[in-house]
2 protein chains.
Amino acid sequence: MSYGDRRVEVADAAWRVIVREGLDRTSMRAIATELSSSTGVVTHYFRDKDSLTLFALERVFEKLFEDIKASVEGREGIERLEQMIFAALPFEACGTPGWQVWIAFLGYSIGRQHLVQEHRKRYDFLSKIICEELADLQIAKLIRDDVDLKLEANALIALVDGIGTGVVINPEQFSPEQQRYLVRRHIKTLLTTS
Amino acid sequence: MSYGDRRVEVADAAWRVIVREGLDRTSMRAIATELSSSTGVVTHYFRDKDSLTLFALERVFEKLFEDIKASVEGREGIERLEQMIFAALPFEACGTPGWQVWIAFLGYSIGRQHLVQEHRKRYDFLSKIICEELADLQIAKLIRDDVDLKLEANALIALVDGIGTGVVINPEQFSPEQQRYLVRRHIKTLLTTS
DNA sequence: TATAAATCACAACAGTTGTTATGCAAATAA
DNA sequence: TTATTTGCATAACAACTGTTGTGATTTATA
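Residues numbered from 1 in each chain as written. Chains lettered and ligands numbered in written order. Predicted model: local features only at pLDDT ≥ 70, side-chain atom pairs only at ≥ 80, totals over all residues.

### Comments concerning the packing of helix 6 (residues 96-109) of chain A against helix 6 (residues 96-109) of chain B
Between helix 6 of chain A and helix 6 of chain B, whose axes approach to 7 Å, the crossing angle comes to 135°. Here helix 6 of chain A is positioned oblique relative to helix 6 of chain B, judged by the angle of their axes. As helix 6 of chain A runs across helix 6 of chain B, the sense of the crossing is left-handed. Across the interface between the two elements, A:I103, A:A104, A:F105, A:L106, A:G107 and A:Y108 of helix 6 of chain A pack against B:I103, B:A104, B:F105, B:L106, B:G107 and B:Y108 of helix 6 of chain B. (Axes fitted to C-alpha atoms, helices over the stretch in contact; angles between N-to-C directions. Helix = DSSP H or I, 4+ residues; strand = E, 2+ residues; numbered from the N terminus. Parallel < 35°, antiparallel > 145°, perpendicular 65-115°, else oblique. Left-handed = near helix turned anticlockwise from the far one by under 90°. Contact = placed C-beta atoms within 7 Å.)

### A short note on the protein's contact with DNA strand D
Around DNA strand D lies a shell of 19 residues, among which A:S37, A:S38, A:G40, B:S27 and B:D48 are the nearest. At the level of elements, helix 1 (3-21) and helix 3 (39-45) of chain A together with helix 2 (28-34), helix 3 (39-45) and helix 4 (49-72) of chain B are the ones that each hand at least two residues to the surface near DNA strand D. Here the surface near DNA strand D gets 4 residues from one element, more than from any other, and that element is helix 3 of chain A. The class makeup of the residues in the surface near DNA strand D is 4 nonpolar, 9 polar and 6 charged. (Near = placed C-beta within 6 Å. Nonpolar A, V, L, I, M, F, W, Y, C, P; charged D, E, K, R; others polar.)

### Notes on the interface of chain A and chain B
Each partner contributes residues to the interface: chain A has 41 residues there, and chain B has 41 residues. Broken down by secondary-structure element, the contributors of at least two residues to the side of chain A that touches chain B are helix 1, helix 6, helix 7 (113-139), helix 8 (149-169) and helix 9 (176-188) of chain A. Residue contributions to the side of chain A that touches chain B peak at 12 residues, all from helix 8 of chain A. Considered class by class, the residues forming the side of chain A that touches chain B number 20 nonpolar, 13 polar and 8 charged.

### Considering the protein's contact with DNA strand C
Taken together, 19 residues lie around DNA strand C, and A:S27, A:D48, B:S37, B:S38 and B:G40 are the ones closest in. Looking at which element gives the most residues to the surface near DNA strand C, the answer is helix 3 of chain B, with 4 residues. Here the surface near DNA strand C is built from residues that sort into 4 nonpolar, 9 polar and 6 charged.

### Examining the relation of the copies chain A and chain B
The two copies are related by a screw operation: chain A maps onto chain B through 180° of rotation and 0.0 Å of translation along the axis, at an RMSD of 0.0 Å. The operation mapping one copy onto its partner corresponds to a two-fold rotation axis. When the interface residues of chain A are mapped onto chain B, 100% of them again fall at the interface, so both copies present the same face. (Least-squares fit on C-alpha atoms with pLDDT ≥ 70 in both.)

### Re helix 8 of chain A
Helical periodicity: at 3.6 residues per turn, an α-helix aligns residues three or four positions apart in one direction. Here helix 8 of chain A spans 30 Å end to end across 21 residues, near enough to the 30 Å set by a 1.5 Å rise per residue. Most of helix 8 of chain A sits inside the fold, with 18 of its 21 residues counted as buried. (Expected span 1.5 Å × (residues − 1). Buried ≥ 20, exposed ≤ 12 C-beta atoms within 10 Å, placed from the backbone.)

### A word on helix 4 (residues 49-72) of chain A
Residues and elements named next belong to chain A. End to end, helix 4 covers 35 Å across 24 residues, agreeing with the expected 34 Å (1.5 Å per residue, within 8%). Every buried residue belonging to helix 4 is among L52, T53, A56 and L57, and all of these are buried. Of the surrounding elements, those touching the buried residues of helix 4 are helix 1, helix 6 and helix 7. Remark: G74 follows helix 4 within two positions and exhibits a positive phi of approximately 75°.

### Things to note about the nonpolar core
Ranked by size, the top nonpolar core spans 96 residues in total, and within it A:A14, A:L159, B:A14 and B:L159 carry the most contacts. Apart from the residues lying within four places of it in its own chain, the contact partners of B:A14 are B:T26, B:I31, B:L52 and B:A56. (Core = buried A, V, L, I, M, F, W, Y, C linked by C-beta atoms within 7 Å.)

### Describing the domain arrangement of chain A
Residues and elements named next belong to chain A. By domain assignment, chain A separates into domain 1 (1-46) and domain 2 (49-188). Computed over C-alpha atoms, the centres of domain 1 and domain 2 are 26 Å apart. In this complex, domain 1 contributes 9 residues to the contact, which on the side of domain 2 involves 12 residues. Looking at the side of domain 1 that touches domain 2 residue by residue, the classes come out as 8 nonpolar, no polar and 1 charged. (Domains from an automatic or database assignment.)

As C-alpha cells, this is what we get:
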C-alpha cells in the first residue's frame, strides 16, 4: 500500500470518528484507535493535526468533484446541469457522511479565518463550474439571456446547501424525489419561456 | 440586574468568544475573561458547560423568533410571508453573528445526537410557523391549491439556510437586494397564476 | 441589627489534548 | 551483507480542559 493510500486511510478513519463522536472529540488518539493502531501512525503520516484536518476536508470536495464529473458523463443541456446538482445532494444515506463532515468543518471554521477561506476557495470553484455550465446553456438559448449567471450559480449552491443541512438535521426532511423536484423547479425559473 | 439578565450577559459573552475564537476554544475561562471576571461567575449561573451551551443556542432562535414576530407586525398576504423570511436573512453585517453562532453549533452537533435533536426541534417549530402562514395564503387563494405546504415551508427554510451559509463563508456572496430577489422569486413559483 | 442568601474570586483536581522524542522491527538500497 | 530509510509503538511533556470546593464580600431578609 502506497504512502498516499495510507494517508487516505487515516483521513477516512478521521471521518468515521468525526461522524460518530464529533470533530472536537476527534483526537489523534481517537483516530489511532479507530485505525486499530497507535498514534505513531497518525503522526507519521501527518505533520500535525491541522494538516490532517485540512486533508480530511479536502477529501469531502475531492469526492464531490469526482461524483459531479461522473454524473455529467455523456449528458447534455438542462439534464446535464440537473445531474451536476443532483450529484451534490444527500440522496441515499451514504450521501450524508460527507455532508456531516462538511458541516462539522464549517462549524469548526467559525473563529478560524484561514479555514473560512478554505471553504470559500472551494465554494468559488464550485460556483465557477456551475457558472460555466449556465453560460453554455445560455449560449444554447436554453436559459434566458437576462439571468445573472454568477448569482444563479450561487443560488443553486445555496439551495443544495440548504437541502443538505436540512437532511443532516432530519434525514426525513426531504425525500430524494422532493430534492429532485425542488432543484428542477428552481432550474425551471431560468428556462427560456417558449 | 436580575438573575436572568446576568445569565443572558454570560451567554452573550460566550457568543462573542465563539465568533472570535471558535466554539471549541470557548472555554469557561475564556468566557470569564471576556466578561472581565472570574470563572466563578460562569459556574454560578450555569450548572455546567452543556447547559451554558444549550442556553446560548436557544438565544439564537429566541432572537430570530423575536425578529420574525416584529417583522410581520401589521403585514398581510404575500408581503407578510416575505417579511418573515427576510427577518431570518443576514442582511446587515449585524445579522451574521447569529448565523455564525448557529453554524458553529450545528457543526458542534455532528456526533452529538441530542444536540441534533435540539436543532431539529427548532427546525420543526419554524417549519410549522411557515406552514401555517402558507395555509392562510392558500385559503386566501393567493397561492395555488396544489402546493405541498410542508414541503414548501421546508424549502423556504432550506433556501434561507443556504443563503445564510453562503454569506458566512463569503459576506459578499449575496447582496441584500440579491437575497430579497431570490426569496421573492422562490415565492413567486407558489403564487396563483392569474 | 442579626441572619441568611446571593455573587463572585481563587485554587486545586483529575483528565485530555497535541506534540515530541526514543526505540524497534521490517523493508529497501548500497 | 551492511546501511539506511520507512512504518509504527510507546512514553513523556507541558498546556489546557470542566468541575468542585472553599472562602470572602456584598446584598437581601427577618
